[in-house]
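Observations on the model geometry
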Amino acid sequence: MISIPHKAKQFLVLLIKLLIVGGAFYFIYNQLAHNDKLDWQKFITVFRKNQSVLGIGFILLLSVLNRYFEILKWQNLARFIHEISVGEATKQVLAALTAGIFTPNGVGEYAGKALYYPKSEAKKVVFLNLICNGIQMVLTVIFGVFGLLYFNAKHEVITAQTVAILFGVFIVLFVILFSLKKFKIKGFSIEKLLHKINEIPKSIHQKNIILGICRYLVFSHQYYFLFLAFDVHLPYFMLISTIAVVYFLASSLPTFQFLDFAVKGSVAIYFFGILGVNEWIVVFISTLMWFLNVVLPVILGSYYVLNFKTKTAK
């Protein structure tokens, strides 16, 4: 193998760090500066009308709690390898978020966290991150399905017959999946995956689920309170179920973190349009959610990326 000089390796690592941070900031700027659907004049008018220090502080607090619950989730799961502090978990989560912002479905996040551990533990880290994100996806699906059923009962988007067919197909696929759990593809099987999941103590799984629910409730209600701030006054269950539907359907689509608000925004425009909410309000709230829950953490994560030091293998 060709040996890379130490100085050259340091320069290469620095270059990669700068590319990650520079790329992240470029994509953020590009989306905010060139989105012709953002009517800043209307936003400023509504903001001046409803501005409140307590209100702004409350919305920012929800953003902090959203990311804090994600940090606690990772700290909890990382215990399976070894104990880490909240500070260390914060560093790993925010740096990984920054690394994953312009990769499909945040794939770069997996590699970002793995870099904080020795190579011998890389597979475990990737698997634990899969569990961390997986529970959030499962909760999004569960809440989303109930939200879709409630929304559809009030505003029929799909017929009852179609709903029955979809549930029938889902049940059939579920039965087939578990009847073939021993079937292997390149050495992997559902049975092996379940065995790996069961190796993690139940107490860790239980805490992961509780923290996942807390995080879901925080960001869904942040969305809800932003609608109230923009003078959208719909019944609570109607509004919260529509938010659940938007997150469910948007999360099902392959996308990039930096395009997250665009995907959620396009889905939200359709469903909130049925409820009579103005398109510009939906676009602005989707953009604000993206800014508060992705952009701000990425800015903080950039610091950790630039100060990252590689782990030596054990």
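Each residue is numbered by its place in its chain's sequence as written, counting from 1. Residues qualify for local features only when their pLDDT is at least 70, as the model is predicted, and side-chain atom pairs are given and counted only at 80 or more; totals for whole chains, interfaces and linings, by contrast, use all residues. The side-chain figures draw on all heavy atoms in the structure; neither hydrogens nor water molecules are used.

Things to note about unusual backbone geometry
As a reminder, the rule being used: Helix and strand assignments come from DSSP, with helices taken as H or I runs of at least 4 residues and strands as E runs of at least 2, each series counted from the N terminus. Burial here depends on accessible area, computed with a 1.4 Å probe over protein chains only, as a share of the maximum for the residue type. Under 20% is buried, over 50% is exposed, and the range in between is partly exposed.
The phi angle at Asp231 is positive, at roughly 65°, despite the residue not being glycine. Inspection of the secondary structure puts Asp231 in the loop between α9 (202-229) and α10 (236-251). Residue Asp231 is classed as partly exposed on the basis of its relative accessible area of 36%.

Comments concerning the pattern of salt bridges
Put simply, the test is: Criterion for a salt bridge: a side-chain nitrogen of Lys or Arg within 4 Å of a carboxyl oxygen of Asp or Glu.
Tallied over the full model, the rule gives four salt bridges. Here Glu88 makes a salt bridge to Lys91, at a shortest N to O gap of 3.3 Å. Taken together, the positions of Glu88 and Lys91, both in helix α4 (residues 86-99) and three residues apart, correspond to about one turn of that helix. Its relative accessible area of 23% is what places Glu88 among the partly exposed residues. The class for Lys91 is partly exposed, based on a relative accessible area of 28%. Here the residues in one salt-bridge network are Glu70, Lys73 and Arg215, joined through shared partners.

None of this, on its own, says anything about what the molecule does.
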